[in-house]
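Per-entry structural report
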Amino acid sequence: MTAPHRIRVLVADDQAIVRDGLVTLLGLLDDLEIVGEAADGEQAVRLALETRPDVVLMDLRMPVLDGAAATARILEQLPETAVVVLTTFADDASIAGALRAGARGYLTKDAGRAELAAAVRAAASGHATFAREVGERLVRGFAGASSGMDAAAAPSGQVLRERFPALTAREAEVLALMAEGRSNAETR
């Protein structure tokens, strides 16, 4: 009998206490394996190339190289790796920068253990995960930017896929449902 595949995770955060907590928390899960810890973006890139993780949990605001730039560099060389942003910031510029860099998910640091674990697992499976408030901001932003649409109108999944072709049809559908105010349970 072969052992089940464990998701290999690299944690990148400049705050030692946050990084230590994430490593401890994720290390308790049987299906995850922590393969490295980085204190800045440059170190995250180097460790990703050395360890080839399935998922990088990436803070955005770090010294030496910020998380969005580190994400872009990692994905240039390791396109099979998924990056999930975990940050304090949920402003439009931070979200857009992370998504342009190729992040597969975006959570804020008030996410719970279950939400974090689910996001890592989803990213490893090729799916995107967004904190509810991030998904709502994304959809509102698309609605306002789409020609002929009222800013309060939620765009369809197709509009979202046109703007972000990396989203699967299901991911775009879920974002559109979130914009309508549906809960995570209602989007399943």
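Residues numbered from 1 in each chain as written. Predicted model: local features only at pLDDT ≥ 70, side-chain atom pairs only at ≥ 80, totals over all residues. Heavy atoms only, no water.

This part covers the pairing of strand 1 (residues 7-12). Counted residue by residue, strand 1 has five buried out of six residues, so it is predominantly covered. For the segment spanning strand 1, helix 1 (residues 16-27) and strand 2 (residues 32-38), crossover handedness is right-handed. Where strand 1 lies against strand 3 (residues 55-58), four bridges are found, and the strand directions are parallel. Across the sheet, the residue bridging to A12 is M58, located in strand 3. (Buried < 20%, exposed > 50% of the residue type's maximum accessible area, 1.4 Å probe, protein only. Helix = DSSP H or I, 4+ residues; strand = E, 2+ residues; numbered from the N terminus. Right-handed = clockwise from strand over helix to strand, strands pointing away. Pairing = 2+ DSSP bridges.)

The next subject is helix 2 (residues 41-51). Along helix 2, the residues that are buried comprise G41, A44, V45, L47, A48 and T51. Elements that come into contact with the buried residues of helix 2 comprise strand 1, strand 2, strand 3 and helix 3 (67-77). (Contact = heavy atoms within 4.5 Å.)

Mean pLDDT over the protein stands at 81; residues scoring 70 or higher make up 69%. In the model of the protein, helix 7 (residues 157-163) stands out as the element of lowest mean pLDDT, 59, in contrast to helix 2, which has the highest, 98. Predicted confidence for residues 146-154 stays below pLDDT 50, and this span has 13 contacts to residues more than four positions away or in other chains. (pLDDT = per-residue confidence, 0-100.)

Neighbouring strands of a sheet are bound in pairs by backbone hydrogen bonds; such pairs are parallel or else antiparallel. Strand order in the open sheet formed by six strands is 2-1-3-4-5-6, with parallel pairing between adjacent strands. In the strand order of this sheet, the two ends are held by strand 2 and strand 6 (129-130), each with one partner. Helix 1 rests against strand 1, strand 2, strand 3 and strand 4 (82-87) of the sheet, and its axis sits at about 165° to strand 2. Packing of helix 3 onto the sheet brings it into contact with strand 3 and strand 4, and relative to strand 3 it is tilted by some 170°. (Axes fitted to C-alpha atoms, helices over the stretch in contact; angles between N-to-C directions.)

Within helix 4 (residues 92-101), burial applies to S94, I95, A98, L99 and A101. Each buried residue of helix 4 lies within a common arc of 160° when the element is viewed along its axis, so the set occupies one face. Opposite the buried face of helix 4, at more than 90 degrees from it, the exposed residues are A93 and R100. Directly beyond the C-terminal end of helix 4, a positive phi value near 110° is found at G102. (Arc of directions from axis to C-beta.)

We now examine the environment of D40. With respect to the helices, strands and loops of the structure, D40 is situated in the loop between strand 2 and helix 2. D40 sits in the buried class, given a relative accessible area of 16%. Sequence separation between D40 and D14 is 26 residues; the distance between their C-alpha atoms is 5.5 Å. Once you skip the residues sitting within four places of it in the chain, D40 turns out to touch M62, P63, V64 and L65. One polar contact links the side chain of D40 to the main-chain amide nitrogen of Q43, over a distance of 2.7 Å. (Polar contact = N/O pair within 3.5 Å; in protein donor to acceptor, adjacent residues only side chain to side chain.)

Take the side chain of D13 next. Tracing the backbone shows D13 in the loop between strand 1 and helix 1. A polar contact is formed between the side chain of D13 and the side chain of K109, at a distance of 2.7 Å. Setting aside chain neighbours within four positions, we find D13 in contact with V18, R19, A38, A39, D59, M62 and K109.

Turning to its location among the elements, R8 is positioned in strand 1. What makes R8 partly exposed here is its relative accessible area of 25%. Sequence-distant contacts of R8, defined by excluding residues within four places in its chain, comprise E33, V35, T51, R52, P53, D54 and V55.

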